[in-house]
Amino acid sequence: KAAYKGMIWGTSGQGSIRLNAKTGEYTYFPNPTSKGTYGITVDRLGNGWDSSPQGDKVYVVDAETGKTSEIGFPPQGPADGVAVLEKDKNAYANIKSGPDDTNAIQICPRRMGADPNADLVWVGLYCADKIARIDTKTHTVTQFAMPYKYSRPYGIMVDRDHNVWINMQNTDMIAKFNPATQKFTEYRLPTRGTDVRQIALDYSTKPLSVFVG
């Protein structure tokens, strides 16, 4: 879930739902080509962003007009170090998958985080071991590879200094990405098999504290 000025957003089936906390009114925004939705965030203008790992797409709902736009991601290929066979292409085009049973060349955009002080949204490309930055004005996408293959970046939160915090399911680490330097800092967790799925930022401490589940 995500919230902005009394509006609470959540994913729901083939789209997203916005709840007006003052009036109790729900508004449903269906995605035009969605195969299911997963992560959601709200940018600093109140627009709702949700991801479809099944469809390799991100959707954005204009908070003023209610219009939904989509941003498609190309599947993995030789440039990503992935050999693609004809059967992979056919499966990608024709077989419906879920968030946990993907085709071999999917990128699987999962949980997202909006920069509170910039027109940017970030999303973890779970199956591609990358994170993506989306310009909320132009919808331009820039991808950054994680330091390790098979780290599986899952969720993202962005702090007030533009740092991107990433929890990874497959490394027993969390990472901080500094967009200014394009450098990752990794923090190893003290136990193994953690399978971290959620990350949260606490500004009540200086420096801020990061909580993971």
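Provided above is the structure to which this section pertains.
Attention in this report is confined to the structure presented alongside it. Note that the coordinates shown come from a computational prediction; the quantities given were computed from them, not determined experimentally.

Conventions and cut-offs
Residues numbered from 1 in each chain as written. Predicted model: local features only at pLDDT ≥ 70, side-chain atom pairs only at ≥ 80, totals over all residues. Heavy atoms only, no water. Pairing = 2+ DSSP bridges. Helix = DSSP H or I, 4+ residues; strand = E, 2+ residues; numbered from the N terminus. Buried < 20%, exposed > 50% of the residue type's maximum accessible area, 1.4 Å probe, protein only. Phe/Tyr/Trp six-rings, centres within 6.5 Å; stacked < 30°, edge-to-face > 60°. Lys NZ or Arg CZ within 6 Å of the ring centre and 35° of its normal. Axes fitted to C-alpha atoms, helices over the stretch in contact; angles between N-to-C directions. Core = buried A, V, L, I, M, F, W, Y, C linked by side-chain atoms within 4.5 Å. Contact = heavy atoms within 4.5 Å.

Considerations on the pairing of strand β18 (residues 209-212)
Sheet topology note: the strand β17 (residues 199-202)/β18 ladder contains four bridges and is antiparallel. Bridging from a neighbouring strand, Asp202 pairs with Ser209 of β18. Hairpin connection from β17 to β18: six residues lie between these consecutive antiparallel strands.

Some thoughts on unusual backbone geometry
Backbone torsion omega between Lys206 and Pro207 reads -5°, so that peptide bond is classified as cis. Along the polypeptide, Pro207 turns up in the loop between β17 and β18. With phi around 55°, Asp56 is a residue other than glycine that occupies positive phi space. Within the secondary structure, Asp56 sits in the loop between β6 (48-52) and β7 (57-61). Even without being glycine, Asp195 reaches a positive phi, approximately 50°. Tracing the backbone through its elements, the reader meets Asp195 in the loop between β16 (183-188) and β17. With relative accessibility at 35%, the residue Asp195 sits in the partly exposed group.

Comments concerning the packing of aromatic side chains
With the rule as written, the count across this model stands at eight aromatic pairs. Taking 4.6 Å as the distance between ring centres and 45° as the angle between the ring planes, the aromatic pair formed by Phe177 and Phe184 counts as tilted. According to the relative accessible area criterion, Phe177 is buried, its value standing at 1%. Of the residues examined, Phe184 reaches a relative accessible area of 22% and is grouped as partly exposed. Taken together, the ring pairs in this structure connect Trp122, Phe144, Phe177 and Phe184 into an aromatic cluster. Over the aromatic face of Tyr126 sits the side chain of Arg110, whose NZ or CZ is 4.3 Å from the ring centroid. For Arg160, the ring lying beneath its charged end belongs to Tyr203, and the centroid distance is 3.6 Å.

Notes on the sheet that holds strand β10 (residues 120-125)
As a general point, the strands of a sheet are linked pairwise by backbone hydrogen bonds and lie either parallel or antiparallel. Spatially, β9-β10-β11-β12 is the arrangement adopted by the four strands of the open sheet, whose pairing is antiparallel. At either margin of the open sheet sits one strand with a lone partner, and together these are β9 (109-114) and β12 (141-145). With direction set aside, neighbouring strand axes in the sheet form an average angle of 25°. The sheet contact formed by β10 and strand β11 (residues 130-135) spans six bridges and is antiparallel.

Observations regarding the nonpolar core
Trp49, Val58, Phe73, Met112, Val123, Leu125 and Ile134 are the most contacted members of the largest nonpolar core, which totals 14 residues. Breaking this core down by element, the ones donating at least two residues are β7, β9, β10 and β11. Ignoring sequence-local partners within four residues, the contact set of Met112 consists of Gly39, Ile40, Thr41, Trp49, Asp50, Ser51, Val58, Val121, Trp122, Val123 and Ile156.

Looking at the pairing of strand β13 (residues 153-158)
Within β13, five of the six residues are buried, which leaves it mostly tucked inside the rest of the structure. Bridge count between β13 and strand β14 (residues 164-168): five bridges; the pairing is antiparallel. Across the sheet, the residue bridging to Ile156 is Ile166, located in β14.

Spatial relationships are all this shows, so hold off on functional conclusions.
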